[in-house]
Amino acid sequence: MARTTPQTHGEILAAAARRFAATGYKGTSLQDIARAVGCSKAAVLYHFASKEALLAELMARPLEVLRQLDERIAALDGAAAQRAAAEGFVDLAVRFRREIALLRGEFPELLAQPAFAHVQRISERLLDALAGHCEGPGGRIAAMVVLAGVPEACAEFVDVPDDELRPALLAIATRALAPLDPPNPE
């Protein structure tokens, strides 16, 4: 039997997170979320203006930490920016890996939403910092692998303890971002 009283904000957020993780953001409707909570769609809309507003609230903390990382690396150059970007990004991905897992595979579409427009610009600056502000393709390719691979690993290994996952990811990111050896002429 469905409950008829409006649910708390937190219950709706938790149900939305579970639904997004199970069927993706695009594959989840407000009716799906209401059904999961045991209330009406109107009750969900009482707490959240739209599905986009629900997602924006779920992602508010990770996006704030990403914004803070962007500020931190903006003041640095070269190797210092690269190191701070790698450590900060790994920390962010490990800390918010459940939120990352919710959106797995849907980042490009989500970045097109107005609430997330700033994330694309921050991602470009983060990519530049991870590449050590180098223009060459090697550094940018390595930075892209880190930028894409770290969140994917966090989403895949959501049950690995932080104290195991963080050092492994940081070691991999450090190796990936190391300057490439010139090819051997022999």
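Here's what I pulled together on the structure shown here. (Residues numbered from 1 in each chain as written. Predicted model: local features only at pLDDT ≥ 70, side-chain atom pairs only at ≥ 80, totals over all residues. Heavy atoms only, no water.)

### A look at helix 10 (residues 162–177)
Then step 1. Under the 1.5 Å per step criterion, the end-to-end length of helix 10 is 22 Å for 16 residues, consistent within 8% with the ideal 22 Å.
Then step 2. As for helix 10, its buried residues are in contact with helix 5 (78–95), helix 6 (97–102), helix 8 (117–130) and helix 9 (137–156). (Helix = DSSP H or I, 4+ residues; strand = E, 2+ residues; numbered from the N terminus. Expected span 1.5 Å × (residues − 1). Contact = heavy atoms within 4.5 Å.)

### A look at the environment of Arg19
Then step 1. Tracing the backbone through its elements, the reader meets Arg19 in helix 1 (residues 9–23).
Then step 2. Distance in space between the C-alpha atoms of Arg19 and Ala81 is 37 Å, their sequence separation being 62 residues.
Then step 3. In this structure, Arg19 is in contact with Gly24, Thr28, Asp32, Ile33 and Ala36, ignoring residues within four places of it in sequence.

### Here's the deal with the layout of surface pockets
Then step 1. As a volume, the largest pocket reaches approximately 650 Å³.
Then step 2. Where the lining of the largest pocket is concerned, the elements lending two or more residues are helix 4 (51–74), helix 5, helix 7 (107–111), helix 8 and helix 9.
Then step 3. Here the lining of the largest pocket is built from residues that sort into 22 nonpolar, three polar and three charged. (1 Å grid on protein atoms, 1.4 Å probe; cavity = no way out; pocket = protein on both sides within 12 Å on 5 of 7 lines; lining within 4 Å. Points joined across faces, edges and corners; volume = space filled by probe spheres on them. Nonpolar A, V, L, I, M, F, W, Y, C, P; charged D, E, K, R; others polar.)

### Quick word on unusual backbone geometry
Then step 1. A positive phi angle, close to 55°, is found at His133, a residue other than glycine.
Then step 2. By relative accessible area, His133 is classed as partly exposed at 33%. (Buried < 20%, exposed > 50% of the residue type's maximum accessible area, 1.4 Å probe, protein only.)

### Side note on the nonpolar core
Then step 1. Ranked by size, the top nonpolar core spans 59 residues in total, and within it Ile33, Leu54, Leu126 and Leu130 carry the most contacts.
Then step 2. Non-local contacts of Leu130, meaning those with residues more than four positions away in its chain, are made with Gln82, Ala85, Ala86, Ala143, Val146, Leu147 and Leu177. (Core = buried A, V, L, I, M, F, W, Y, C linked by side-chain atoms within 4.5 Å.)

### Thoughts on the pattern of salt bridges
Any two side chains of opposite charge can pair if their charged atoms end up close together.
Then step 1. Taken as a whole and judged by the stated rule, the model has seven salt bridges.
Then step 2. The closest approach of N and O atoms between Asp70 and Arg125, which form a salt bridge, is 2.6 Å. With Asp70 in helix 4 and Arg125 in helix 8, the pair connects residues that are 55 residues apart, well separated along the chain.
Then step 3. The exposure class of Asp70 is buried, given its relative accessible area of 10%.
Then step 4. Across the pair Arg97 and Asp162 runs a salt bridge whose closest N-O atoms are separated by 2.1 Å. Within this pair, whereas Arg97 is found in helix 6, its partner Asp162 is found in helix 10, the two being separated by 65 residues in sequence.
Then step 5. In this structure Arg97 comes out as buried when scored by relative accessible area, which is 3%.
Then step 6. Classification of Asp162 by relative accessible area gives partly exposed; the value is 41%.
Then step 7. Connected through salt bridges with shared partners, the residues Glu64, Arg67 and Glu71 form a single ionic network. (Salt bridge = Lys/Arg side-chain N within 4 Å of Asp/Glu carboxyl O.)

### Thoughts on the packing of helix 5 against helix 10
Then step 1. Where helix 5 contacts helix 10, the two axes come as close as 10 Å, and the packing angle between them is 145°. The interaxial crossing formed by helix 5 with helix 10 has right-handed handedness. For the pair formed by helix 5 and helix 10, the contact residues are Gln82, Ala86, Glu87, Val90, Asp91 and Val94 on the first element and Asp162, Leu165, Arg166, Leu169, Leu170, Ala173 and Leu177 on the second.
Then step 2. Partitioned by chemical class, the residues of the contact of helix 5 with helix 10 number eight nonpolar, one polar and four charged. (Axes fitted to C-alpha atoms, helices over the stretch in contact; angles between N-to-C directions. Left-handed = near helix turned anticlockwise from the far one by under 90°.)

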